[in-house]
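# Chains, contacts and geometry: an overview
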Amino acid sequence: MVFNYEKIMKERPHVVILGAGASCAAIPNGDKAGRKISAMNGFIEKLGLSELLSRVKLMTKSDNLEEIYMELDERSNCEKDCENVKLELEQCIFSYMSGYKIPDGPTIYDYLVLSLTSKDLIATFNWDPLLIQAYLRVSKYTDNLPYLVFLHGNVAIGYCEQDNAIGIVNSKCVCGKLFRPVKLLYPIKKKDYKSEIVIDKSWKELQKNLKRAYMVTIFGYSAPKSDIEAVSMLKEAWGTPEERNLEEIEIIDIRDEDEVILSWKDFIHTHHYSYYNNFFDSTLGRFPRRSCEATFDRLMNCLFLDGDKGFKDGMTFLEIRQKIFPLIEEENEIKGTDQMLKLY
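Residues numbered from 1 in each chain as written. Predicted model: local features only at pLDDT ≥ 70, side-chain atom pairs only at ≥ 80, totals over all residues. Heavy atoms only, no water.

For the protein chain, an unreviewed UniProt entry supplies the name SIR2-like domain-containing protein and the organism Candidatus Scatousia excrementigallinarum.

What follows is the structure, encoded as structure tokens:
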């Protein structure tokens, strides 16, 4: 009975939620062409879109893209100029984001994808294609990789209405039609996620996995108070802290720890959290592909674990492959059996 409980707990999902900070960490020196990712604040200026927005007189004093878009959307129904600027803004952002190319060497996203398995899920709020690009190139090592969902859309992901299928944008679906791009921007006060099938599917998948999750890692996402709908949906799926008294939350963020914990206090049960300012110190970095196993053994079995065998910053792809190959080999060996995975 104890064995069954332990096995069930270890086989629960590890859910990772990504915000803009994760993409910033993935390419700290810029993408393949040296272009850096920007957070929502100051995004307009960095994209050089100030001239476009000068065509209308905005009431908001914020430089946050989503707040600016919300005003444009609210006024576009009765003001043609706002509607035109809104549509051009959408096109500019899609074109700009589509241009990002992942660097040749390993990034945080390569490590992240390989640190999880098919029972796990990565949910990203980010528009850039870097996570997809990392996923595609590390999939040559194994097909036992996490499920990806895109909570605000993504420039690399498209949808085929005929087959109700999701795929790489502008590639061909099995029916022969191209996967069409999905919407990126929504008014933040009340985001109508259900209006876009890909995003609706993504939220449903995240909510399903959050209900079952043993671990949740929040990486570079600040849970902005303005994004009422997103925070509400996360709370609904996770439940109250009192209901999650065995689960663990890990937060990877460069902000001050007290500030970060305060922003997630409605999700954390007492001391059941860990804070890190870089990926490699987290359970994902120290115990890749075995994060739930390591957490259960550390907290429930009271075992001392050697966390120095995981990923290290600056690894080559060959070194990463050598690190994960024994883990993948074990996964293949015990697939379909009652055996539990070992840490190493």
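What follows concerns helix α10 (residues 228-238). Here α10 has its buried residues at Glu-229, Ala-230, Val-231, Met-233, Leu-234, Ala-237 and Trp-238. Taken together, the buried residues of α10 touch β1 (14-18), α9 (197-212), β7 (215-219) and β8 (248-252). After α10 finishes, the residue Gly-239 shows a positive phi value of roughly 90 degrees. (Buried < 20%, exposed > 50% of the residue type's maximum accessible area, 1.4 Å probe, protein only. Helix = DSSP H or I, 4+ residues; strand = E, 2+ residues; numbered from the N terminus. Contact = heavy atoms within 4.5 Å.)

This brings us to the sheet that holds strand β5 (residues 165-168). Taken together, 3 strands build an open sheet; the order of strands is β5-β4-β6 and the sheet is antiparallel. Two strands bound the open sheet, and with one partner strand each, they are β5 and β6 (180-181). Bridge count between strand β4 (residues 157-160) and β5: 4 bridges; the pairing is antiparallel. Across the sheet, residue Gly-158 finds its bridge partner in β5, namely Gly-167. (Pairing = 2+ DSSP bridges.)

Time to look at the pairing of β8. In terms of residue burial, β8 counts as a mostly covered element, since 5 of its 5 residues are buried. Here β8 shows no split at all, with Glu-248, Glu-250 and Ile-252 on one side and Ile-249 and Ile-251 on the other all buried. Note on the crossover from β8 through helix α11 (residues 257-263) to strand β9 (residues 273-276): the handedness is right-handed. (Right-handed = clockwise from strand over helix to strand, strands pointing away.)

This part covers the packing of α9 against α10. It is at 8 Å that the axes of α9 and α10 come closest, and there the two elements cross at 35 degrees. Judged by the twist between their axes, the crossing of α9 over α10 is right-handed. Between α9 and α10, the residues in contact are Trp-203, Leu-206, Gln-207, Leu-210 and Lys-211 and Ala-230, Met-233, Leu-234, Glu-236, Ala-237 and Trp-238, respectively. In the contact of α9 with α10, the residues fall into 8 nonpolar, 1 polar and 2 charged. (Axes fitted to C-alpha atoms, helices over the stretch in contact; angles between N-to-C directions. Left-handed = near helix turned anticlockwise from the far one by under 90°. Nonpolar A, V, L, I, M, F, W, Y, C, P; charged D, E, K, R; others polar.)

A word on the pattern of salt bridges. Under the criterion given, the structure shown has 25 salt bridges. For Glu-88, the salt bridge identified is with Arg-55, shortest N-O distance 2.9 Å. You can see Glu-88 sitting in helix α6 (residues 80-98) and its partner Arg-55 sitting in the loop between α4 (50-53) and α5 (65-76), a full 33 residues away along the chain. Overall, Glu-88 belongs to the partly exposed group, its relative accessible area being 28%. Note that Asp-253 is salt-bridged to Arg-255, the shortest N-O span being 3.2 Å. For Asp-253, a relative accessible area of 9% gives the class buried. A relative accessible area of 21% means that Arg-255 is categorised as partly exposed. Residues joined in a network through salt bridges with shared partners are Arg-289, Arg-290, Glu-330 and Glu-331. (Salt bridge = Lys/Arg side-chain N within 4 Å of Asp/Glu carboxyl O.)

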